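Commentary on secondary and tertiary structure
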Amino acid sequence: MSTVIKGGTIVAADRSYEADILIEGETIKAIGPDLKGDTVVDASGAYIMPGGIDPHTHLEMPFMGTTAAETWESGTFAGLAGGTTMVVDFVIPGEDGMLAAMDAWESKATRQASGDYSYHMCVTGWSERHFDEMPKVVARGINTFKHFMAYKGALMVNDDEMFASFQRCAALGALPLVHAENGDIVAALQQKYMADGTSGPEAHAYSRPPEVEGEATNRAIMIADAAGVPVYIVHTSCEQSHEAIRRARQKGMRVYGEPLIQHLTLDEGEYFNRDWDYAARRVMSPPFRNKSHQDSLWAGLAAGSLQVVATDHCAFTTEQKRMGLGDFRKIPNGTGGIEDRLSVLWTRGVETGRLTPNEFVAVTSTNIAQILNIYPQKGAILPGSDADLVVWDPKLSKTISASNQKSIIDYNVFEGFKVNGLPRYTLSRGEVVWADGQNSQPQPGRGKFIKRKPFPAANAALSKWKELTAPRAVTRSAEHMPIGV
Ligand SMILES: NC(=O)NCCC(=O)O
Ligand SMILES: [Zn+2]
Ligand SMILES: [Zn+2]
């Protein structure tokens with residue numbers, strides 16, 4: 001059974017050109033003019049792009065005394081409806097360790113996911129057990145380990161723990177990821193605002209200023225450099241953090257930065273809304289920033305100092321957010337975006353000229369696949385690649401509203417945004433899983449876990465350079481030594 005996508009313009013990260021795409025089974029068989037297949041997908045007047053990859057989601061994550069309400073079923077369906085064909089979710093180990101946590105995640109994902117998925121493993125402490133489990137995690141197809149420098153008393157790790165884990169990553173060919181905020185200072189500022197009587201959602205933003213993120217980003221980069229490993233900074237939200245990443249890259253370090261679609265388009269004014277629910281629904285870490293930080297992030301995407309746009313989709317209902325009434329520290333941290341990442345980025349990025357269509361593909365798919373080591377299986381339109389494709393219709397438009405979203409959350413932080421550019425079709429491994437106007441849900445459980453191999457190249461290059469430039473003892477002959485000592 002073959003499918004041909006006809007009449008569109010292929011938009012890849014490196015170029016745009018007109019061609020048909022022939023799909024056989026789950027992969028791309030051929031690209032060229034006048035291809036024929038059993039079924040035809042009409043792409044006339046549309047762009048054909050690699051399916052979006054969201055490298056940062058928290059579906060059904062237990063967090064802050066509750067569990068993120070977006071399920072694997074609703075979250076992956078929402079992703080497909082918005083053109084995202086793969087998510088990478090964070091596994092949080094409990095008392096039973098990393099492997100048991102991975103099993104727990106897998107038991108949910110395998111039954112429910114309708115798009116493909118992978119995991120990052122979180123490192124929330126350090127011990128011999130962590131040291132021993134990490135290679136087993138890598139053997140099971142995970143090559144990224146996440147570290148929280150915030151959430152003191154819960155997920156936060158200290159510098160020595162992070163350094164030990166980063167060294168282990170270096171040895172295993174794995175990439176460390178970091179949530180960079182100075183957790184000690186955040187905790188102190190939270191206490192101060194509560195003591196001053198500022199207990200509403202706005203205090204969430206006050207207690208997490210950009211300096212707190214910039215300091216932690218610099219520290220994470222320094223620790224990665226000392227450990228001889230690249231590093232990926234998740235949810236880069238401000239100029240201070242971007243500046244640290246930019247400077248490190250200019251010095252030749254392999255540092256990646258991931259702005260979120262929320263930070264690019266929503267600002268701190270959201271927290272000053274008089275409606276408590278409205279403001280609390282937007283509480284996430286780091287918080288939304290002012291327009292000058294947004295400009296910095298957009299510039300970084302265009303210039304290449306920031307590589308990826310994610311969502312950090314960690315969605316709680318209004319009822320869950322109300323756990324923090326009277327104490328902003330108890331508002332579950334997280335917002336959604338998986339369904340709207342591509343259309344909002346297209347509208348606010350490509351339509352405004354901040355990004356080219358090719359840069360759009362790079363930051364939503366190709367760069368991510370390369371950084372996570374699944375390219376060209378994912379993130380590419382090439383013979384042999386998985387046929388994860390979006391037929392993107394720049395003429396389709398809608399006004400974003402919780403009332404008709406696929407996400408099961410009762411609100412949407414982009415409510416009222418008018419977007420131009422939406423998927424006419426989304427294909428996941430060759431199957432049409434979303435068609436505009438049909439609205440039917442793909443089969444839960446059809447999504448596959450995608451194994452990601454370790455990174456031999458970057459880690460080996462770094463350790464070779466470290467070895468070549470390592471401090472060495474000076475050899476001194478007797479004539480250069482003090483006599484009689
Ligand atoms: N970002 C956020 O507020 N919640 C999800 C957990 C995290 O990524 O820090
Ligand atoms: Zn985080
Ligand atoms: Zn996150």
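Residues numbered from 1 in each chain as written. Chains lettered and ligands numbered in written order. Predicted model: local features only at pLDDT ≥ 70, side-chain atom pairs only at ≥ 80, totals over all residues. Heavy atoms only, no water.

Examining the overall build of the protein
When its secondary structure is counted, the protein shows 15 helices and 19 strands. C-alpha extents for the protein along the principal axes are approximately 90 × 60 × 45 Å. Per-residue burial over the protein gives 60% buried out of 485 residues. Counting 48 positive and 57 negative side-chain charges, the protein places the averaged centre of each group 3 Å from the other. (Helix = DSSP H or I, 4+ residues; strand = E, 2+ residues; numbered from the N terminus. Buried < 20%, exposed > 50% of the residue type's maximum accessible area, 1.4 Å probe, protein only. Lys, Arg positive; Asp, Glu negative; His and termini not counted. Charge placed at Lys NZ, Arg CZ, Asp CG, Glu CD.)

Describing the site of ligand 1
Within the structure, ligand 1 sits among 13 residues, and Tyr151, His179, Ser285, Asp312 and Asn333 are positioned closest to it. One of the side-chain N or O atoms of His58 is found 3.1 Å from an oxygen atom in ligand 1. Within the side chain of His179, one N or O atom sits 3.0 Å away from an oxygen atom of ligand 1. Class assignment of the residues belonging to the shell around ligand 1 gives a composition of four nonpolar, seven polar and two charged. (Near = heavy atom within 4 Å. Polar contact = N/O pair within 3.5 Å; in protein donor to acceptor, adjacent residues only side chain to side chain. Nonpolar A, V, L, I, M, F, W, Y, C, P; charged D, E, K, R; others polar.)

Concerning the sheet that holds strand E4 (residues 20-24)
Taken in spatial order, the four strands make up an open sheet running E5-E4-E1-E6, and their pairing is mixed. Bordering the open sheet on either side are strand E5 (27-32) and strand E6 (39-42), each of which pairs with just one other strand. Mean inter-strand twist for the sheet, computed between neighbouring axes without regard to direction, equals 25°. Here E4 pairs with E5 via five bridges, running antiparallel. The partner of Glu24 across the bridge, within E5, is Thr27. (Pairing = 2+ DSSP bridges. Axes fitted to C-alpha atoms, helices over the stretch in contact; angles between N-to-C directions.)

Some points on the confidence of the model for the protein
Of the residues in the protein, 100% have a pLDDT of 70 or more, and the chain-wide mean is 97. Quick note on the complex model: pTM equals 0.96, ipTM equals 0.99. (pLDDT = per-residue confidence, 0-100.)

With respect to helix H4 (residues 159-172)
Because the α-helix completes a turn every 3.6 residues, residues three or four places apart line up on one side. Its 14 residues place the ends of H4 20 Å apart at the C-alpha level, agreeing with the 20 Å of an ideal helix rising 1.5 Å per residue. Every buried residue of H4 is accounted for by Met162, Ala164, Ser165, Phe166, Arg168, Cys169 and Leu172. Once H4 finishes, Gly173 follows within two positions and takes phi at roughly 70°, a positive value. (Expected span 1.5 Å × (residues − 1).)

Things to note about the coordination of the zinc ion (ligand 3)
Looking at the zinc ion (ligand 3), the protein donor atoms are His56 (NE2), His58 (NE2) and Asp312 (OD), and they sit 1.9 to 2.2 Å from it. Each donor residue of the zinc ion (ligand 3) belongs to the same chain, with the gaps between them written as H-x1-H-x253-D. Between the zinc ion (ligand 3) and the zinc ion (ligand 2), the interatomic distance is 3.8 Å. Taken together, the positions of His56 in strand E8 (residues 52-57) and Asp312 in the loop between helix H11 (291-303) and helix H12 (318-321) put the pair 256 residues apart, joining distant regions of the chain. (Donors = N, O, S within 2.8 Å, 3.2 Å for Na, K, Ca; no water.)

Topic: the UniProt feature "domain: Amidohydrolase-related" (unreviewed entry) in the protein
UniProt records the feature "domain: Amidohydrolase-related" (unreviewed entry) at residues 47-433, using the numbering of this structure. Between the first and last C-alpha atoms of residues 47-433 the distance is 17 Å; the span itself is 40% helix and 18% strand. (UniProt positions renumbered as here; feature names shortened; annotations may be inferred.)

A short note on the side chain of Glu133
Considering the arrangement of structural elements, one finds Glu133 in helix H3 (residues 128-139). Residue Glu133 is classed as buried on the basis of its relative accessible area of 10%. Of the polar contacts made by the side chain of Glu133, one reaches the backbone nitrogen of Met98; its length is 2.9 Å. The residues touching Glu133, leaving out its near neighbours within four places in the chain, are Asp96, Gly97, Met98 and Leu99. (Contact = heavy atoms within 4.5 Å.)

Regarding the state of the cysteines
Between two cysteines, a covalent bond joining their sulfur atoms is known as a disulfide. Enumeration over the complete set of coordinates arrives at zero disulfides. In this structure Cys169 is a free cysteine whose sulfur lies 12 Å from that of Cys122, the closest cysteine sulfur available. The buried category is assigned to Cys169, whose relative accessible area is 0%. (Disulfide = S-S within 2.5 Å.)

What to know about the environment of Arg429
Note on placement: Arg429 falls in the loop between strand E18 (418-428) and strand E19 (431-435). Residue classification places Arg429 among the buried residues on the basis of a relative accessible area of 8%. Expressed as a C-alpha distance, the spacing of Arg429 and Asn333, which sit 96 residues apart in the sequence, is 33 Å. When near neighbours in sequence (up to four residues on either side) are disregarded, Arg429 contacts Gly25, Glu26, Asp116, Lys378, Asp386, Ala387, Asp388, Arg446, Gly447 and Lys448. In terms of polar contacts, Arg429 uses its side chain to reach the side chain of Asp116, at 2.7 Å.

Let's talk about helix H8 (residues 239-250)
End to end, H8 covers 16 Å across 12 residues, agreeing with the expected 16 Å (1.5 Å per residue, within 8%). By the burial criterion, the buried members of H8 are Ser241, His242, Ala244, Ile245 and Ala248. Taken around the axis of H8, the buried residues stretch over an arc of 160°, which confines them to a single face. Those residues of H8 that are buried are in contact with helix H7 (210-227), strand E15 (231-233), strand E16 (255-257) and H11. With its phi angle positive at about 95°, Gly252 sits one or two positions after the end of H8. (Arc of directions from axis to C-beta.)

Notes on the pairing of strand E12 (residues 116-123)
With respect to burial, E12 is a largely interior element, eight of its eight residues being buried. Alignment of strand E11 (residues 84-91) against E12, held across six bridges, turns out to be parallel. Note that in E12 the partner of Met86 across the bridge is Asp116. Between the parallel pair E11 and E12, the chain is carried across by helix H2 (residues 97-112), and the sense of this crossover is right-handed. Taken together, E12, H3 and strand E13 (residues 144-148) constitute a β-α-β crossover, and its handedness is right-handed. (Right-handed = clockwise from strand over helix to strand, strands pointing away.)

Focus: unusual backbone geometry
Between Ser285 and the following residue, Pro286, the backbone shows a cis peptide bond with an omega angle of -10°. Within the fold, Pro286 resides in the loop between helix H10 (276-281) and H11. For Arg429, which is not glycine, the phi torsion reads 45° and is therefore positive.

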